[in-house]
Amino acid sequence: MYAILKSGGKQYRVKAGDSLKVEKLDQALGAEVELTDVLLVGGAETFIGTPVLDNAKVTAVVAKQARKPKIIVLKKKRRQGYRKLQGHRQDFTELFIKAITSPNGEVSKADGEAKVYDPANKPAPASSEEKKAAPKVAKAKKKATKKKAATKKKTAKKKTAKKKATKKKATKKAATKKK
């Protein structure tokens, strides 16, 4: 079963279990929202609203409240010395469609659960594979730093050896001149 609903002046085609980004809704994260502006419900039977259907609703869960990526707005008039540059980020709400109810009472429910993303909380812990890979990366970094330290010591030893050799040559030359 699918439904066409209206939210924020736009129309969306949804099925149970879909994620949907709509214009910002003033709802808390994890809150259940009932969208009643359903224009059409399709499936075994099709119901068309004039303009909306009575007794039809879409139940959704607020999964995320965020902002879209920045867009650049540039206004310019040529040869007039007029330029105006602005940035804009649009707020949006991501909804997880939990269920669709048709006017005759038929309900289509989602198989999975809504994954609510709260930016205030830290992201979910890493998977077991990532945890296993992390120590290997740390060991590789330690080895690299040890190698760098060893090469620095070797170059320092070479420089001191060269200085000693040049000093010995200088003392030999001075000794030969005195004779």
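Relevant structure appears above.
Just so it is clear, the model here is predicted, and its values are computed rather than measured. Along each chain, residues carry numbers from 1 onward, in the same order as the chain's sequence is written. Restriction of local features to residues with pLDDT of at least 70 applies here, the model being predicted, together with a cutoff of 80 or more for giving and counting side-chain atom pairs; totals for whole chains, interfaces and linings are based on all residues. Side-chain calculation: all heavy atoms of the structure are included, whereas hydrogens and water are not.

**Observations concerning unusual backbone geometry**
- Of the consecutive residues Thr-50 and Pro-51, the connecting peptide bond is found in the cis state with omega at -10 degrees.
- By secondary structure assignment, the location of Pro-51 is in the loop between strand S6 (47–48) and strand S7 (57–67).
- Of note, Arg-79 is a non-glycine position whose phi angle comes to about 60 degrees, a positive value.
- Helix and strand definitions here come from DSSP, where helices need a minimum of 4 consecutive H or I residues and strands a minimum of 2 consecutive E residues; each element is numbered from the N-terminal end. For Arg-79, the location among the structural elements is in the loop between strand S8 (71–77) and strand S9 (82–88).

**Looking at the pattern of salt bridges**
- Basic side-chain nitrogens of Lys or Arg form a salt bridge, by our definition, when they fall within 4 Å of a carboxyl oxygen of Asp or Glu. Tallied over the full model, the rule gives four salt bridges.
- Close ionic contact of Glu-23 with Lys-10 constitutes a salt bridge, the shortest N to O distance being 2.7 Å. With Glu-23 in strand S3 (residues 19–23) and Lys-10 in strand S2 (residues 10–15), the pair connects residues that are 13 residues apart, well separated along the chain.
- Its salt-bridge partner being Glu-32, residue Lys-98 comes within 2.8 Å of it at the nearest N-O pair. Taken together, the residues Lys-98 in strand S10 (residues 91–101) and Glu-32 in strand S4 (residues 32–35) connect sequence positions 66 residues apart.
- Note on Lys-98: relative accessible area 35%, which makes it partly exposed. Each residue's exposure class comes from its accessible area (1.4 Å probe, protein chains only) as a fraction of the maximum for that residue type: buried when under 20%, exposed when over 50%, partly exposed otherwise.

**Things to note about the sheet that holds strand S1 (residues 2–7)**
- When DSSP finds two or more bridges between a pair of strands, those strands are recorded as paired. The four strands lie next to each other as S2-S1-S5-S6, forming an open sheet whose pairing is antiparallel. What marks the edges here is a single partner per strand, and that holds for S2 and S6.
- As paired strands, S1 and S2 are joined by six bridges and run antiparallel to one another. Bridged to Ala-3 within S2 is Val-14.

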